[in-house]
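Secondary and tertiary structure notes
Spelled out, the chains give:
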Amino acid sequence: MDPDYGLSDNRVSPPNSLLVSPPGGGGGGVSSSHCKRRTLVAPEMNLSLDQSEGSLLSDDFLDTPDDLDINVDDIDTPDETDSLEFITNGNDLEWEDDTPVASAKAGPAGGSGEAGEDGNANCGRLWRTVLIGEQEHRIDMQLIRPYLRVITHGGYYGEGLNAIIVFSACYLPDSSCSDYHYIMENLFLYVVSSLEMLVAEDYLIIYMNGATPRSKMPGISWLKKCYQMIDRRLKKNLKSLVITHPTWFIRTVLAISRPFISVKFMNKIQYVHNLDELAQIVPMEHVHVPECVVQFDEERIKARRERMEQEQRQQAQQPVPREPIKKSERPKSMIVGL
């Protein structure tokens, strides 16, 4: 078939030659008699996947020119201190635990925040994503940052990785602060997630109750939620809950909590009245005791000592009571019937 003619469906066949103007030719007005056709022949190429000669995987095709060599040391890379800003729909992305999370522009209670240097409210949030009970939760880490010392690791006791977890109630937020329930909700997630990370085997919890005003005491609903969301493994591996400086209020709260707390868990609770008694139960080398608790313990010991000395002085000042003189018993008269 002549390539200059179309196919049977009136379509023009693609050209197989390139029209080249003769040397010394002018512009586009060249007559058809002076046009010559040159055929460009494509080089032979082996499309097989072996490394034989002419193949795509042969060394001729895989060689990289010297001018394309890249020196990695010469590439400018951002420093570790450089920050990368990702903006999507007006929300900044902040990286936390290798997970980009959109930061909230408005905090709780209508986006309250501290004013920055430009006078605008700095309402950014730093979030942490945790997995509790096969459910994903987000923690507002920036909001609870002042209260992170509420739970600490106090080392180990006995043989193995028996952890000591210290819960200091004096670091809890005051119930009169704004967004108290929102803070406690995020703090609750932080405490539960910290337990899952810190505990490997058996463990005990030291509840530092001393020097904690009643306004900072956690409510029954908060304690109930903590108990219900703690994993079964953590409940089983808990060997003891030691409460230091117990008050009538904390005893009352635990008594009211009996309906939703198991008997086994209640039997693990024990009370110690000072830090010396606590040192007889657990090693105190790595236990962080808040300074206010230390002062509270010293004041209680001093007050108890003064009270005992006062009682001793009062007993010494009182006259020794004399023993009453016993009257000689008279013989009972016998009535003799006539």
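Quick note: structure is the one above.
Residues numbered from 1 in each chain as written. Predicted model: local features only at pLDDT ≥ 70, side-chain atom pairs only at ≥ 80, totals over all residues. Heavy atoms only, no water.

Examining empty space enclosed by the protein
One pass over the full model with this rule turns up one cavity of 30 Å³ or more. Of the volumes computed, that of the largest cavity is approximately 510 Å³. Lining the largest cavity we find 27 residues, and of these Ile205, Leu223, Cys226, Leu241 and Phe265 sit closest to its centre. Contributing elements (two or more residues each) for the lining of the largest cavity: β11 (163-168), α3 (180-198), β12 (203-208), α4 (220-229), α5 (232-237), β13 (238-244) and α6 (248-256). The greatest single-element share of the lining of the largest cavity, amounting to four residues, is contributed by α4. (1 Å grid on protein atoms, 1.4 Å probe; cavity = no way out; pocket = protein on both sides within 12 Å on 5 of 7 lines; lining within 4 Å. Points joined across faces, edges and corners; volume = space filled by probe spheres on them. Helix = DSSP H or I, 4+ residues; strand = E, 2+ residues; numbered from the N terminus.)

Some points on the packing of α3 against α4
Where α3 contacts α4, the axes come no closer than 11 Å and their chain directions differ by 35 degrees. Classified by chirality, the crossing of α4 by α3 is right-handed. Two secondary-structure elements touch here, α3 through Met184, Glu185, Phe188 and Val192 and α4 through Trp222, Lys225, Cys226 and Met229. (Axes fitted to C-alpha atoms, helices over the stretch in contact; angles between N-to-C directions. Left-handed = near helix turned anticlockwise from the far one by under 90°. Contact = heavy atoms within 4.5 Å.)

Things to note about the sheet that holds β13
Sheet architecture is open: five strands sit in the order β10-β11-β12-β13-β14, paired in mixed fashion. Pairing within the sheet leaves two strands with one partner each, and these edge strands are β10 (151-156) and β14 (269-272). Taking the axes of each pair of neighbouring strands and ignoring which way they run, one obtains an average angle of 25 degrees across the sheet. Bridge count for β13 against β14 is four bridges, and the pairing is parallel. Residue pairing across strands places Thr244 opposite Val272, the latter belonging to β14. (Pairing = 2+ DSSP bridges.)

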